[in-house]
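# Survey of secondary and tertiary structure
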Amino acid sequence: MRRLNRKKALNFVKELDAFPKVPESYVETTASGGTVSVLAFTAMALLAFFEFFVYQDTWMKYEYEVDKDFTSKLRINIDITVAMRCQFVGADVLDLAETMVASDGLQYEPVVFDLSPQQRLWQRTLLLIQNRLREEHSLQDVIFKNVMKGSPTALPPREDDPTQALNACRIHGHLYVNKVAGNFHITVGKAIPHPRGHAHLAALVSHETYNFSHRIDHLSFGEVIPGILNPLDGTEKVSSDHNQMFQYFITIVPTKLQTYRVSADTHQYSVTERERVINHAAGSHGVSGIFMKYDISSLMVKVTEQHMPLWQFLVRLCGIVGGIFSTTGMLHGLVGFSVDVVCCRFKLGVYKPKSMTILDGHVNSITPLLTENGEH
(Lines give C-alpha, C1' and ligand atoms only; values in the text may rest on other atoms or scores of the structure.)
Protein backbone atom coordinates (compact mmCIF):
# COMPACT_ATOMS: atom_id res chain seq x y z
CA MET A 1 0.00 0.00 0.00
CA ARG A 2 2.89 2.36 0.86
CA ARG A 3 4.57 1.61 -2.48
CA LEU A 4 1.31 2.32 -4.33
CA ASN A 5 0.88 5.66 -2.58
CA ARG A 6 4.48 6.58 -3.41
CA LYS A 7 3.92 5.78 -7.07
CA LYS A 8 0.75 7.85 -7.11
CA ALA A 9 2.65 10.79 -5.62
CA LEU A 10 5.38 10.55 -8.26
CA ASN A 11 2.82 10.41 -11.05
CA PHE A 12 1.01 13.40 -9.58
CA VAL A 13 4.26 15.39 -9.52
CA LYS A 14 4.94 14.47 -13.12
CA GLU A 15 1.48 15.68 -14.10
CA LEU A 16 2.20 19.05 -12.49
CA ASP A 17 5.28 19.53 -14.75
CA ALA A 18 4.02 22.01 -17.37
CA PHE A 19 7.19 21.99 -19.47
CA PRO A 20 7.11 19.64 -22.45
CA LYS A 21 9.76 16.98 -22.64
CA VAL A 22 12.10 16.98 -25.61
CA PRO A 23 12.14 13.67 -27.44
CA GLU A 24 15.41 11.81 -27.30
CA SER A 25 15.73 11.97 -31.10
CA TYR A 26 16.06 15.76 -30.84
CA VAL A 27 19.18 15.61 -28.73
CA GLU A 28 20.72 12.65 -30.49
CA THR A 29 24.19 13.45 -31.87
CA THR A 30 24.67 12.51 -35.51
CA ALA A 31 27.38 13.15 -38.08
CA SER A 32 24.99 14.96 -40.39
CA GLY A 33 23.73 17.18 -37.58
CA GLY A 34 27.27 18.09 -36.58
CA THR A 35 28.18 18.91 -40.19
CA VAL A 36 25.14 21.15 -40.57
CA SER A 37 25.97 22.93 -37.30
CA VAL A 38 29.56 23.59 -38.38
CA LEU A 39 28.39 24.94 -41.75
CA ALA A 40 25.74 27.09 -40.10
CA PHE A 41 28.15 28.67 -37.61
CA THR A 42 30.73 29.21 -40.38
CA ALA A 43 28.16 30.96 -42.56
CA MET A 44 27.02 33.11 -39.64
CA ALA A 45 30.60 34.13 -38.87
CA LEU A 46 31.36 35.04 -42.49
CA LEU A 47 28.15 37.00 -43.00
CA ALA A 48 28.61 38.83 -39.69
CA PHE A 49 32.18 39.69 -40.71
CA PHE A 50 31.07 41.10 -44.07
CA GLU A 51 28.17 42.91 -42.41
CA PHE A 52 30.63 44.68 -40.13
CA PHE A 53 32.41 46.08 -43.20
CA VAL A 54 29.07 47.26 -44.57
CA TYR A 55 28.41 48.95 -41.23
CA GLN A 56 31.76 50.74 -41.39
CA ASP A 57 31.17 51.97 -44.96
CA THR A 58 29.47 55.29 -45.74
CA TRP A 59 27.58 56.63 -48.73
CA MET A 60 26.78 60.03 -50.17
CA LYS A 61 23.24 61.40 -50.13
CA TYR A 62 22.29 64.05 -52.70
CA GLU A 63 19.53 66.58 -52.02
CA TYR A 64 18.37 69.47 -54.18
CA GLU A 65 16.89 72.80 -53.16
CA VAL A 66 16.60 76.35 -54.45
CA ASP A 67 19.66 78.50 -53.85
CA LYS A 68 18.45 81.59 -52.02
CA ASP A 69 21.85 83.24 -51.59
CA PHE A 70 22.35 85.79 -54.34
CA THR A 71 24.03 88.52 -52.31
CA SER A 72 27.36 86.85 -51.57
CA LYS A 73 30.36 86.97 -53.86
CA LEU A 74 31.54 84.09 -56.00
CA ARG A 75 35.21 83.19 -55.86
CA ILE A 76 36.95 82.08 -59.07
CA ASN A 77 40.22 80.19 -58.63
CA ILE A 78 42.44 80.32 -61.72
CA ASP A 79 45.71 78.73 -62.77
CA ILE A 80 46.14 78.95 -66.56
CA THR A 81 49.31 79.01 -68.66
CA VAL A 82 49.14 80.78 -72.06
CA ALA A 83 51.83 80.41 -74.71
CA MET A 84 52.39 84.18 -75.00
CA ARG A 85 54.55 86.64 -73.11
CA CYS A 86 52.97 88.27 -70.09
CA GLN A 87 53.22 91.80 -71.52
CA PHE A 88 51.08 90.76 -74.49
CA VAL A 89 48.06 89.28 -72.67
CA GLY A 90 45.48 90.47 -70.16
CA ALA A 91 42.76 88.74 -68.13
CA ASP A 92 39.60 90.17 -66.58
CA VAL A 93 35.92 89.45 -65.91
CA LEU A 94 32.87 91.19 -67.33
CA ASP A 95 29.55 90.14 -65.80
CA LEU A 96 26.01 90.35 -67.14
CA ALA A 97 25.50 93.80 -65.64
CA GLU A 98 28.44 95.11 -67.67
CA THR A 99 30.48 95.36 -64.47
CA MET A 100 34.19 94.95 -64.99
CA VAL A 101 35.92 93.11 -62.15
CA ALA A 102 39.45 94.20 -61.42
CA SER A 103 42.05 91.50 -61.84
CA ASP A 104 44.15 92.62 -58.87
CA GLY A 105 44.02 89.12 -57.40
CA LEU A 106 45.74 87.58 -60.44
CA GLN A 107 49.49 87.20 -60.83
CA TYR A 108 51.36 87.07 -64.15
CA GLU A 109 54.41 84.81 -63.99
CA PRO A 110 56.75 84.20 -66.97
CA VAL A 111 57.30 80.45 -67.43
CA VAL A 112 58.19 77.85 -70.04
CA PHE A 113 55.11 76.41 -71.73
CA ASP A 114 56.53 72.91 -72.22
CA LEU A 115 56.26 70.69 -69.16
CA SER A 116 59.10 68.79 -67.56
CA PRO A 117 58.97 64.95 -67.63
CA GLN A 118 57.60 64.79 -64.08
CA GLN A 119 54.99 67.44 -64.81
CA ARG A 120 53.98 65.70 -68.06
CA LEU A 121 53.50 62.43 -66.14
CA TRP A 122 51.33 64.26 -63.62
CA GLN A 123 49.19 65.73 -66.40
CA ARG A 124 48.70 62.38 -68.14
CA THR A 125 47.66 60.78 -64.85
CA LEU A 126 45.21 63.60 -64.21
CA LEU A 127 43.68 63.28 -67.68
CA LEU A 128 43.32 59.52 -67.19
CA ILE A 129 41.43 60.10 -63.95
CA GLN A 130 39.24 62.70 -65.67
CA ASN A 131 38.31 60.22 -68.40
CA ARG A 132 37.38 57.59 -65.80
CA LEU A 133 35.23 60.13 -63.97
CA ARG A 134 33.31 60.89 -67.16
CA GLU A 135 32.66 57.19 -67.74
CA GLU A 136 31.95 56.15 -64.14
CA HIS A 137 30.10 58.86 -62.24
CA SER A 138 30.04 56.79 -59.03
CA LEU A 139 33.76 57.54 -58.61
CA GLN A 140 32.79 61.08 -57.65
CA ASP A 141 31.45 59.70 -54.36
CA VAL A 142 34.88 58.23 -53.63
CA ILE A 143 36.48 61.62 -54.26
CA PHE A 144 33.97 63.38 -51.98
CA LYS A 145 34.62 60.91 -49.16
CA ASN A 146 38.41 61.28 -49.45
CA VAL A 147 38.69 65.07 -49.62
CA MET A 148 41.41 66.59 -47.45
CA LYS A 149 43.08 63.19 -47.61
CA GLY A 150 44.05 62.70 -51.25
CA SER A 151 47.14 64.03 -52.97
CA PRO A 152 47.14 67.71 -54.07
CA THR A 153 45.79 68.35 -57.54
CA ALA A 154 48.02 71.36 -58.30
CA LEU A 155 50.76 71.13 -60.90
CA PRO A 156 54.00 70.11 -59.16
CA PRO A 157 57.00 72.44 -59.55
CA ARG A 158 59.63 71.73 -62.17
CA GLU A 159 62.38 69.39 -61.09
CA ASP A 160 64.87 70.89 -63.60
CA ASP A 161 66.12 74.34 -64.54
CA PRO A 162 64.83 75.23 -68.03
CA THR A 163 67.48 76.38 -70.49
CA GLN A 164 65.03 77.72 -73.07
CA ALA A 165 63.50 81.19 -73.03
CA LEU A 166 60.44 81.98 -70.92
CA ASN A 167 57.93 81.96 -73.77
CA ALA A 168 54.67 81.66 -71.81
CA CYS A 169 52.72 83.38 -69.06
CA ARG A 170 51.17 81.66 -66.07
CA ILE A 171 48.09 83.54 -64.82
CA HIS A 172 47.09 82.33 -61.37
CA GLY A 173 45.22 83.62 -58.34
CA HIS A 174 41.57 84.26 -57.52
CA LEU A 175 38.83 86.79 -58.19
CA TYR A 176 35.58 87.68 -56.39
CA VAL A 177 32.66 88.34 -58.71
CA ASN A 178 28.91 88.86 -58.37
CA LYS A 179 26.72 85.75 -58.44
CA VAL A 180 25.42 86.50 -61.91
CA ALA A 181 26.39 85.24 -65.33
CA GLY A 182 29.69 86.56 -66.58
CA ASN A 183 32.61 86.16 -68.94
CA PHE A 184 36.17 85.55 -67.82
CA HIS A 185 38.54 85.98 -70.75
CA ILE A 186 42.19 86.15 -71.63
CA THR A 187 42.99 88.04 -74.79
CA VAL A 188 45.64 90.26 -76.39
CA GLY A 189 46.57 93.45 -74.53
CA LYS A 190 45.96 94.73 -71.05
CA ALA A 191 42.40 95.65 -70.09
CA ILE A 192 41.48 99.31 -69.54
CA PRO A 193 38.15 100.71 -68.22
CA HIS A 194 35.73 102.12 -70.77
CA PRO A 195 32.41 103.98 -70.37
CA ARG A 196 30.64 101.25 -72.34
CA GLY A 197 32.45 98.35 -70.76
CA HIS A 198 36.16 97.84 -71.25
CA ALA A 199 38.79 97.48 -73.96
CA HIS A 200 42.14 95.78 -74.47
CA LEU A 201 45.25 97.54 -75.79
CA ALA A 202 45.98 95.15 -78.66
CA ALA A 203 47.04 97.62 -81.35
CA LEU A 204 50.72 97.43 -80.49
CA VAL A 205 50.86 93.63 -80.59
CA SER A 206 51.70 91.95 -83.91
CA HIS A 207 49.31 89.28 -85.17
CA GLU A 208 52.30 87.01 -85.78
CA THR A 209 52.86 86.77 -82.02
CA TYR A 210 49.30 85.58 -81.33
CA ASN A 211 49.37 82.10 -79.85
CA PHE A 212 46.56 81.13 -77.53
CA SER A 213 47.70 77.58 -76.93
CA HIS A 214 46.99 77.12 -73.25
CA ARG A 215 46.90 74.67 -70.39
CA ILE A 216 44.35 74.84 -67.56
CA ASP A 217 46.08 73.48 -64.48
CA HIS A 218 43.22 74.47 -62.22
CA LEU A 219 39.86 76.18 -62.54
CA SER A 220 37.31 76.06 -59.73
CA PHE A 221 34.59 78.15 -58.15
CA GLY A 222 34.04 78.74 -54.46
CA GLU A 223 36.17 77.46 -51.62
CA VAL A 224 39.24 75.48 -52.65
CA ILE A 225 39.10 71.93 -51.26
CA PRO A 226 42.20 69.72 -51.61
CA GLY A 227 41.51 66.44 -53.33
CA ILE A 228 38.57 67.66 -55.45
CA LEU A 229 39.01 67.33 -59.22
CA ASN A 230 37.31 69.79 -61.54
CA PRO A 231 36.26 69.08 -65.15
CA LEU A 232 38.82 71.42 -66.74
CA ASP A 233 41.82 70.53 -64.57
CA GLY A 234 44.65 69.28 -66.78
CA THR A 235 43.07 70.46 -70.06
CA GLU A 236 45.57 71.45 -72.74
CA LYS A 237 44.75 73.07 -76.08
CA VAL A 238 47.22 73.75 -78.90
CA SER A 239 46.34 76.52 -81.31
CA SER A 240 46.50 75.69 -85.03
CA ASP A 241 46.26 79.33 -86.15
CA HIS A 242 47.35 82.72 -84.85
CA ASN A 243 43.79 84.05 -84.81
CA GLN A 244 41.97 81.36 -82.89
CA MET A 245 39.20 81.59 -80.32
CA PHE A 246 38.68 79.04 -77.54
CA GLN A 247 35.31 79.10 -75.79
CA TYR A 248 34.18 77.30 -72.63
CA PHE A 249 30.50 77.45 -71.68
CA ILE A 250 30.29 76.68 -67.97
CA THR A 251 27.24 75.98 -65.81
CA ILE A 252 28.00 76.40 -62.11
CA VAL A 253 26.01 74.49 -59.47
CA PRO A 254 26.31 75.67 -55.83
CA THR A 255 27.20 72.71 -53.61
CA LYS A 256 27.20 72.22 -49.85
CA LEU A 257 29.54 69.40 -48.94
CA GLN A 258 29.25 67.78 -45.51
CA THR A 259 31.43 64.77 -44.80
CA TYR A 260 33.09 63.40 -41.69
CA ARG A 261 36.30 65.18 -42.72
CA VAL A 262 35.15 68.52 -44.08
CA SER A 263 32.17 70.85 -44.26
CA ALA A 264 32.41 73.45 -47.01
CA ASP A 265 30.42 75.58 -49.44
CA THR A 266 31.85 74.99 -52.87
CA HIS A 267 30.64 74.80 -56.47
CA GLN A 268 30.59 72.08 -59.10
CA TYR A 269 30.34 72.84 -62.78
CA SER A 270 29.80 71.28 -66.18
CA VAL A 271 31.42 72.61 -69.32
CA THR A 272 30.99 72.58 -73.09
CA GLU A 273 34.00 73.40 -75.27
CA ARG A 274 34.22 75.06 -78.67
CA GLU A 275 37.07 76.44 -80.74
CA ARG A 276 37.24 78.16 -84.13
CA VAL A 277 39.58 80.23 -86.26
CA ILE A 278 38.76 83.92 -86.61
CA ASN A 279 38.49 84.73 -90.32
CA HIS A 280 36.43 87.81 -91.14
CA ALA A 281 36.58 87.12 -94.86
CA ALA A 282 34.94 83.73 -94.33
CA GLY A 283 32.30 85.12 -91.97
CA SER A 284 33.89 83.84 -88.76
CA HIS A 285 33.91 86.98 -86.64
CA GLY A 286 35.12 87.51 -83.12
CA VAL A 287 38.24 88.20 -81.08
CA SER A 288 41.16 85.84 -80.64
CA GLY A 289 41.58 84.60 -77.09
CA ILE A 290 40.29 82.31 -74.37
CA PHE A 291 36.71 82.96 -73.24
CA MET A 292 35.01 81.27 -70.31
CA LYS A 293 31.35 82.18 -70.19
CA TYR A 294 29.77 81.00 -66.96
CA ASP A 295 26.22 80.92 -65.66
CA ILE A 296 25.00 80.01 -62.16
CA SER A 297 22.25 77.46 -61.60
CA SER A 298 19.32 78.39 -59.38
CA LEU A 299 19.41 74.95 -57.74
CA MET A 300 21.79 74.01 -54.96
CA VAL A 301 23.06 70.49 -54.27
CA LYS A 302 23.58 69.25 -50.72
CA VAL A 303 26.00 66.33 -50.55
CA THR A 304 25.97 64.61 -47.16
CA GLU A 305 27.98 61.59 -46.05
CA GLN A 306 25.78 59.12 -44.19
CA HIS A 307 26.44 56.07 -42.03
CA MET A 308 24.37 53.04 -41.04
CA PRO A 309 22.96 53.48 -37.48
CA LEU A 310 23.93 50.99 -34.78
CA TRP A 311 20.39 49.72 -34.22
CA GLN A 312 20.04 48.82 -37.88
CA PHE A 313 23.35 46.94 -37.77
CA LEU A 314 22.16 44.91 -34.76
CA VAL A 315 18.82 44.14 -36.43
CA ARG A 316 20.62 42.90 -39.53
CA LEU A 317 22.86 40.68 -37.39
CA CYS A 318 19.82 39.16 -35.68
CA GLY A 319 18.27 38.56 -39.09
CA ILE A 320 21.42 36.77 -40.25
CA VAL A 321 21.55 34.48 -37.20
CA GLY A 322 17.83 33.65 -37.21
CA GLY A 323 17.68 33.18 -40.96
CA ILE A 324 20.61 30.78 -41.04
CA PHE A 325 19.23 28.73 -38.12
CA SER A 326 15.84 28.40 -39.81
CA THR A 327 17.24 27.70 -43.25
CA THR A 328 19.75 25.07 -42.13
CA GLY A 329 17.09 23.34 -40.02
CA MET A 330 14.71 23.08 -42.96
CA LEU A 331 17.45 21.95 -45.32
CA HIS A 332 18.68 19.34 -42.87
CA GLY A 333 15.17 17.94 -42.43
CA LEU A 334 14.54 17.95 -46.18
CA VAL A 335 17.83 16.20 -46.94
CA GLY A 336 17.20 13.61 -44.22
CA PHE A 337 13.72 12.91 -45.53
CA SER A 338 15.04 12.58 -49.08
CA VAL A 339 17.71 10.14 -47.95
CA ASP A 340 15.11 8.07 -46.10
CA VAL A 341 12.93 7.92 -49.21
CA VAL A 342 15.82 7.05 -51.53
CA CYS A 343 17.17 4.38 -49.23
CA CYS A 344 13.66 2.83 -48.84
CA ARG A 345 13.78 3.01 -45.07
CA PHE A 346 10.03 3.52 -44.74
CA LYS A 347 9.16 -0.14 -45.01
CA LEU A 348 6.48 -1.46 -42.74
CA GLY A 349 7.88 -3.09 -39.63
CA VAL A 350 11.36 -1.63 -39.87
CA TYR A 351 10.90 0.87 -37.06
CA LYS A 352 9.75 0.09 -33.57
CA PRO A 353 6.92 2.50 -32.89
CA LYS A 354 7.27 4.74 -29.93
CA SER A 355 5.44 3.67 -26.77
CA MET A 356 2.53 5.83 -25.67
CA THR A 357 1.60 6.76 -22.16
CA ILE A 358 -2.10 6.12 -21.44
CA LEU A 359 -3.64 7.59 -18.33
CA ASP A 360 -6.06 5.10 -16.77
CA GLY A 361 -7.28 7.45 -14.10
CA HIS A 362 -5.10 6.05 -11.29
CA VAL A 363 -1.62 5.33 -12.56
CA ASN A 364 0.27 5.75 -15.81
CA SER A 365 0.79 2.46 -17.52
CA ILE A 366 3.21 2.06 -20.40
CA THR A 367 1.57 -0.13 -23.02
CA PRO A 368 3.16 -0.80 -26.40
CA LEU A 369 0.70 -0.57 -29.27
CA LEU A 370 2.67 -2.79 -31.62
CA THR A 371 5.36 -5.33 -31.14
CA GLU A 372 8.28 -5.88 -33.43
CA ASN A 373 6.38 -8.67 -35.21
CA GLY A 374 3.32 -6.49 -35.68
CA GLU A 375 1.15 -8.38 -33.12
CA HIS A 376 -1.34 -6.62 -30.85
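Rules used in this analysis
Residues numbered from 1 in each chain as written. Predicted model: local features only at pLDDT ≥ 70, side-chain atom pairs only at ≥ 80, totals over all residues. Heavy atoms only, no water. UniProt positions renumbered as here; feature names shortened; annotations may be inferred. Patch = residues over 30% accessible without salt bridge, like charges linked within 9 Å, V, L, I, M, F, W, Y side chains within 5 Å. Areas by Shrake-Rupley, 256 points an atom, 1.4 Å probe, with all protein chains shown as cover. Salt bridge = Lys/Arg side-chain N within 4 Å of Asp/Glu carboxyl O. Helix = DSSP H or I, 4+ residues; strand = E, 2+ residues; numbered from the N terminus. Buried < 20%, exposed > 50% of the residue type's maximum accessible area, 1.4 Å probe, protein only. Disulfide = S-S within 2.5 Å.

Under an unreviewed UniProt entry, the chain has the name Endoplasmic reticulum-Golgi intermediate compartment protein and belongs to Triplophysa rosa. Per UniProt, the comment on the chain under Function (unreviewed entry) is "Plays a role in transport between endoplasmic reticulum and Golgi." Its UniProt record, at the heading Sequence similarities (unreviewed entry), says of the chain: "Belongs to the ERGIC family."

A surface patch of nonpolar side chains, amounting to about 510 Å² of accessible area, comprises Leu46, Leu47, Phe49, Phe50 and Phe53. With respect to the helices and strands, the residue Leu46 is situated in helix α2 (residues 31-56). According to the relative accessible area criterion, Leu46 is partly exposed, its value standing at 46%.

What follows deals with the state of the cysteines. The tally for this structure, following the rule as stated, stands at one disulfide. Disulfide partner of Cys86: Cys169, at an S-S distance of 2.3 Å. Across the disulfide from Cys86 to Cys169, rotation about the S-S bond amounts to roughly 105°, and the bridge is consequently right-handed. Taken together, the residues Cys86 in the loop between β2 (73-82) and β3 (89-95) and Cys169 in strand β6 (residues 168-178) connect sequence positions 83 residues apart. The class for Cys86 is buried, based on a relative accessible area of 11%. Residue classification places Cys169 among the buried residues on the basis of a relative accessible area of 0%.

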